[in-house]
Amino acid sequence: MGEFACRACRGKTGHLVLDLGEQPTCDYFPPCADPGPDRLYPLQMWLCSSCGLAQLPAGATAPEERRGDEPAALVAHAGDAVRRVAATGLLPDGARVAEYGSPHGGSWLGLLADRGLTPVHDGGPADVVLDCFGLMHAADQPAALAERVARVIPGGVLLLQYQPLETIVRCGQWNTLRHGHYAYYSTTALALMLVAHGFSPRTAWRFELYGGTVLLAARRAAEASAGPDGTIRALLAQDARAGVLDPAMVLGLQVSERAQAKGLHDWLVAEHSEGRIVLGYGAASRAVALLRRAEANRTLLPAVADASAAKQGSRMPGTNIPIVHPAELAVCQPDAVLLFQPELLTEVRGAFPEIEAAGGRWVNVDALGYCATSR
Ligand SMILES: [Zn+2]
C-alpha cells in the first residue's frame, strides 16, 4: 500500500491491521439536546512493514484529545514503578527529572520529588527523562523522541513507559485504538526508533497494568558498556513469538473486535426481543467505539448510567444513547445492567444492591464477546 508513510521511519509499505470504520471523538459527550450527527473520522491501525511501528495512518484527521481523569489503577502503578526503578539506583537523590506525561494523567513527579529528585519544568536538561504514555500522543514521532533524548544529559537515562503491542494483541485490546493515540509500540519497533536517535535500550521492567505494561530504560549508544540486558532480550523474543511484526498476527485485533461487537449486538437484540430491559453503566470512552460497532441505539440500550455529574444529561458520542444519573437504575428496575467498566463490578454491586434485589443482574460487557466466539 503506497498511500501512507510511516510516522517513525517514513517507510511506505505496510498493512491496515484494524479498521473501526468511522468513529466520533470518544471523549466529548454531546448534550442530549444536540441530536447530532456527530463528526466522524476514520479510525484505523496501520502496521509499518519497514520498522514494525503500529500507528494511526499518517494524514488521518486527528481531533483534539481532552484531558481525562487519573484512574486509580494508574496511581497505584506509579508508586510500584517508582519503587522498582529506584531499587536499581536509576533514581538517585538530587537527580534532575523531566517528565513527559499522558493527557490522561498519572504524573510521577510527586513521588520522585519525595525521593529527592528535582523536577525540571523549563525544557532544560535532566539526568532522568521520563515518558509515561506521553510519546504515543505525538503525531510527529521522530520530533517527539528527538526532543526527549536531547534533554538527557551525558550519562543520563531515558525512561519510556508503554503498553506493548504484544499485550494489545494477546489480550485482544482492539479498543485501545483511539484518535490521538498515534503509535502502538512493540519493544522491537521502539528499540529501532531509539537506535535511530543514538540511544539503545538497556533494561526494562514489566507491570501488570492494562494486561502488561513495560517501562524501558535507554541510554546513549555511545555510552554503552554492555548491550541490552536479559529483560530486553526476553521482550524482543516475546515479540518474535507473538509475531507483532506480522500483519496476519496483528489482524487478530480485528477478529477480537468483530467477536465482541457481534457478541454485544446479538445479546442486546436477544434481550430486546424477549422484552427485557437493559441499561448500561459507565459512560467510559472505551464504550464509544464498541457501541457503534455493535450498532447499538437507545431502542436496544435506552440509557447508560454514570456517576459523573458532567456526563449526566449528555449522550454517548456517535449514538443517541443518553447518559443518566445512577438513581435511574433503581427507578427503571432493569433486568440487566451492562457494565462497561468491569473493574467496577464489586463497587457497583455494593452501591446498587436494589438491582439484584429486584431480580436484575450485572453483565460484564467483555464477557459477551467471549460467549459469542465460543458458541
Ligand atoms: Zn516504519
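Read on for a plain summary of the structure. (Residues numbered from 1 in each chain as written. Predicted model: local features only at pLDDT ≥ 70, side-chain atom pairs only at ≥ 80, totals over all residues. Heavy atoms only, no water.)

## Things to note about the packing of helix H8 (residues 252-273) against helix H9 (residues 285-293)
Two quantities define a packed helix pair, namely the angle between the axes and the distance from one axis to the other.
No. 1: Running from N to C, H8 and H9 cross one another at 75 degrees; their axes reach a closest spacing of 8 Å. In this view, H8 runs roughly perpendicular relative to H9, as classed from their interaxial angle. When H8 is examined against H9, the residues Gln254, Glu257, Gln260, Ala261 and Leu264 are found in contact with a partner set consisting of Leu290, Leu291 and Arg293.
No. 2: Classifying every residue of the contact of H8 with H9 gives four nonpolar, two polar and two charged. (Axes fitted to C-alpha atoms, helices over the stretch in contact; angles between N-to-C directions. Helix = DSSP H or I, 4+ residues; strand = E, 2+ residues; numbered from the N terminus. Parallel < 35°, antiparallel > 145°, perpendicular 65-115°, else oblique. Contact = heavy atoms within 4.5 Å. Nonpolar A, V, L, I, M, F, W, Y, C, P; charged D, E, K, R; others polar.)

## Overview of the coordination of the zinc ion
No. 1: For the zinc ion, the full set of protein donor atoms is Cys6 (SG), Cys9 (SG), Cys48 (SG) and Cys51 (SG), and the range of their distances to it is 2.3 to 2.4 Å.
No. 2: For the zinc ion, the single-chain donor residues occur in sequence as C-x2-C-x38-C-x2-C. Remark: Cys48 occurs in strand S2 (residues 41-48) and Cys6 occurs in the segment before strand S1 (14-23); sequence separation between them is 42 residues.
No. 3: Looking at Cys6, the relative accessible area reads 1%, which means it is buried.
No. 4: A residue is classified by how much of its surface remains accessible, and Cys48, at 2% relative accessible area, is buried. (Donors = N, O, S within 2.8 Å, 3.2 Å for Na, K, Ca; no water. Buried < 20%, exposed > 50% of the residue type's maximum accessible area, 1.4 Å probe, protein only.)

## Digging into the sheet that holds strand S10 (residues 213-220)
No. 1: If you walk across this open sheet you meet the six strands as S5-S4-S6-S7-S10-S9, and the pairing is mixed. Taken across any chain shown, the strands that pair with only one partner, and hence form the sheet edges, are strand S5 (118-119) and strand S9 (199-207).
No. 2: Here strand S7 (residues 152-162) pairs with S10 via five bridges, running antiparallel. When the sheet's bridge partners are listed, Leu158 is paired in S10 with Ala218.
No. 3: Its contacts with the sheet place helix H6 (residues 230-242) against S9 and S10, and it is angled at close to 80 degrees to S9. (Pairing = 2+ DSSP bridges.)

## Digging into the packing of aromatic side chains
No. 1: Applying the stated criterion across every chain, the model contains six aromatic pairs.
No. 2: Between Phe4 and Trp46 the ring centres are 5.9 Å apart and the planes differ by 75 degrees, which places this aromatic pair in the edge-to-face class. Highlighted residues: Phe4 in the segment before S1 and Trp46 in strand S2, separated in sequence by 42 residues. This pair shows no difference in class: Phe4 is buried, exactly as Trp46 is. (Phe/Tyr/Trp six-rings, centres within 6.5 Å; stacked < 30°, edge-to-face > 60°.)

## Focus: helix H5 (residues 187-196)
No. 1: Regarding H5, the residues found buried are Thr187, Ala189, Leu190, Ala191, Met193 and Leu194.
No. 2: Lining the buried residues of H5 we find helix H3 (141-150), S7, S9, S10 and H6.
No. 3: A positive phi of about 80 degrees marks Gly198, the residue just after H5.

## Describing the sheet that holds S1
No. 1: The sheet built from four strands is open, its strands ordered S1-S2-S3-S8 with antiparallel pairing. The open sheet is flanked by S1 and strand S8 (183-184), the only strands paired with a single partner.
No. 2: Pairing between S2 and strand S3 (residues 54-55): two bridges, direction antiparallel. Bridging from a neighbouring strand, Leu47 pairs with Ala54 of S3.
No. 3: Contacts between H8 and the sheet are confined to S1 and S2, with S1 contributing the most and set at about 25 degrees to the helix.

## Remarks on the pattern of salt bridges
No. 1: Within the structure shown, the criterion is met by 12 salt bridges.
No. 2: A salt bridge links Asp266 to Lys262, with the shortest nitrogen-to-oxygen separation between them at 2.5 Å. Remark: Lys262 and Asp266 occur in helix H8; sequence separation between them is four residues, near one turn of the helix.
No. 3: The exposure class of Lys262 is exposed, given its relative accessible area of 52%.
No. 4: In this structure, a network of salt bridges that share partners links the residues Asp34, Asp38 and Arg315. (Salt bridge = Lys/Arg side-chain N within 4 Å of Asp/Glu carboxyl O.)

## Focus: unusual backbone geometry
Of all residues except glycine, most have a negative phi; of all peptide bonds, most are trans.
No. 1: Between Gly36 and Pro37 the backbone carries a cis peptide bond, its omega angle lying at 0 degrees.
No. 2: Structurally, Pro37 is set in the loop between S1 and S2.
No. 3: Unusually for a residue other than glycine, Arg10 sits at a positive phi of about 70 degrees.
No. 4: In this structure, Arg10 sits in the segment before S1.

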